[in-house]
Amino acid sequence: MTAVRTHTHAQAVDAAIDLFSRQGYEQTTVEEIADAARVSRATFFRRFRSKEDVVFADHELLLEEVVVMLAETRPEARASEESGRAPERAWDPTTDPYLEVCRAARLVFDHHVGQRETSIARHQLLQQVPALRDRELVTTHRYERAFTAYLRDTLPPDRSTTTMSIAFAASVVAVHNAILRRWLRHPHLDLRPELEEAFADLRRAAVAPFPHTGGEPAPSTPTADDDAADAAATADEARTVTSGGDGKRVVVTVLEPGAGPDDVARAVRDALA
């Protein structure tokens, strides 16, 4: 990520958010954003495809940085070292993939805190423009996909299943977003220690051994009490992470494919009981 590119994106993001906040999203033109960011209209469209894109332009660069950070501890980095290429990216077999994902998520959190005024203004703008909220969800999903892909490639064989990778990646993103939103409402608070503690809770849960001998899940055996067992399993699979002294919690539940709204509501209710 070059300094010039970063500076240009930062200028455009700040200019766009400022104009949208003062004039309204629909009322602001691309030409006005380009003028405020001191770039030509042609340059604007080379770097950003739309008004919507420019609001999250810094996250495009940040996502690239996250991917590069994670790539440094992927297995292919070891192959590069063995073949004599890029020895500075030698893969450390003692790397904790769960910890690396949390480090990447902290990078995103620190970016928001480091760009305090921009982050707060963007958060307020998102409350007013539904299209931007939808785009935020897309951006969040891209981080989650990057984390999931990394975990699938780096976790040991007994834990590298798609389901476990998705569950941990989703949990990290959910906890990050919950604490970030709290900071956006109360930017005077230092929530970094709370974020670290929540991530540590997730890592402890992720590395906990299976509750069966041999470290493998025991095969299920249908019984006459299937319904009761399913309900208990749903409650057991719910994980609750406390995210602050105000009593707010983030609940992540794992449900069987095809679970309906009632099943989701029941799992959350049981977890919070």
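Treat the numbers as computed from the prediction; the structure is a model and nothing was measured. (Residues numbered from 1 in each chain as written. Predicted model: local features only at pLDDT ≥ 70, side-chain atom pairs only at ≥ 80, totals over all residues. Heavy atoms only, no water.)

### Some thoughts on the nonpolar core
Rule in force here: As used in this record, nonpolar core signifies buried Ala, Val, Leu, Ile, Met, Phe, Trp, Tyr and Cys residues forming a set joined through side-chain atoms within 4.5 Å. Only protein chains enter the calculation, and the probe is 1.4 Å; a residue is then buried if its accessible area is under 20% of its type maximum, exposed if over 50%, and partly exposed in between. Strands here mean DSSP runs of E at least two residues long; helices mean DSSP runs of H or I at least four residues long; both are numbered from the N terminus. Only heavy atoms matter for contacts: two residues are in contact if any of them lie within 4.5 Å across the pair.
In this structure, Phe 147, Leu 151, Phe 168, Val 172 and Phe 199 are the most contacted members of the largest nonpolar core, which totals 33 residues. Of all the secondary structure elements, the ones that give two or more residues to this core are helix H5 (57–71), helix H7 (97–114), helix H9 (130–154), helix H10 (162–185) and helix H11 (192–207). If one sorts the elements of this core by residue count, H10 sits on top with nine residues. Each residue touching Leu 151, except ones within four places of it in the same chain, is listed here: Pro 97, Tyr 98, Val 101, Ser 165, Phe 168 and Ala 169. Judged by nonpolar contacts, the second largest core, of 23 residues, contains Tyr 25, Val 39, Val 54 and Leu 132.

### Topic: the packing of aromatic side chains
Stated precisely, the cut-off is as follows: Note on aromatic contacts: the rings of Phe and Tyr and the six-membered ring of Trp form a pair at centre separations within 6.5 Å, being stacked when their planes are under 30 degrees apart, edge-to-face when over 60 apart, and tilted otherwise. Two limits define a charge over a ring: the Lys NZ or Arg CZ must be within 6 Å of the ring centre, and within 35 degrees of the ring normal.
Applying the stated criterion to the full structure yields four aromatic pairs. Aromatic pair Phe 44 and Phe 45: ring centres 5.5 Å apart, planes at 90°, arrangement edge-to-face. Given a relative accessible area of 1%, Phe 44 falls into the buried group. With a relative accessible area of 35%, Phe 45 lands in the partly exposed category. Here a set of aromatic residues connected by ring pairs shows up, and it is made of Phe 44, Phe 45 and Phe 48. Note that Lys 51 overlies the ring of Tyr 25, its terminal NZ or CZ placed 4.6 Å from the centroid.

### Comments concerning the side chain of Arg 203
Rules: Positive: Lys, Arg. Negative: Asp, Glu. His and the chain ends are not part of the count. Throughout this description, the term salt bridge denotes a Lys or Arg side-chain nitrogen within 4 Å of a carboxyl oxygen of Asp or Glu.
By the secondary structure assignment, Arg 203 is in helix H11. For the buried Arg 203, no salt bridge exists, and the shortest N-O distance to an oppositely charged side chain is 4.8 Å, to Asp 96. Not counting chain neighbours up to four residues away, the residues in contact with Arg 203 comprise Asp 96, Tyr 98, Leu 99, Cys 102, Arg 106 and Phe 168.

### Focus: the pattern of salt bridges
Per the counting criterion, the structure on display carries 16 salt bridges. Across the pair Glu 52 and Arg 135 runs a salt bridge whose closest N-O atoms are separated by 3.8 Å. Within this pair, whereas Glu 52 is found in helix H4 (residues 51–55), its partner Arg 135 is found in helix H9, the two being separated by 83 residues in sequence. Looking at Glu 52, the relative accessible area reads 25%, which means it is partly exposed. Using a relative accessible area of 10% as the deciding quantity, one classes Arg 135 as buried. A salt bridge links Arg 182 to Glu 194, with the nearest nitrogen and oxygen atoms 2.9 Å apart. In this pair, Arg 182 is assigned in helix H10 and Glu 194 in helix H11, connecting sequence segments 12 residues apart. The buried category is assigned to Glu 194, whose relative accessible area is 17%. Connected via shared salt-bridge partners are Arg 49, Glu 52, Asp 53, Glu 60, Arg 135 and Arg 142.

### Digging into empty space enclosed by the protein
In this approach the atoms are scanned with a rolling probe the size of a water molecule, which exposes any empty space left behind. Rule in force here: Space inside and on the surface of the protein is sampled on a 1 Å grid over the protein atoms alone, with a cavity defined as a set of points where a 1.4 Å probe fits but cannot get out and a pocket as an open set with protein on both sides within 12 Å along at least 5 of 7 lines; lining residues have an atom within 4 Å of a point. Grid points are joined across faces, edges and corners, and a volume is the space filled by probe spheres set on the points. Following the grouping adopted for this structure description, the nonpolar residues are Ala, Val, Leu, Ile, Met, Phe, Trp, Tyr, Cys and Pro, the charged ones are Asp, Glu, Lys and Arg, and the polar ones are all others, Gly among them.
In the structure shown here, the tally under the stated rule is one cavity of 30 Å³ or more. In this structure, the largest cavity is lined by 21 residues; those nearest its centre are His 112, Glu 136, Thr 140, Asn 177 and Leu 180. Taken together, the elements giving at least two residues each to the lining of the largest cavity come down to H7, helix H8 (116–128), H9 and H10. Per-class residue counts for the lining of the largest cavity are 10 nonpolar, eight polar and three charged.

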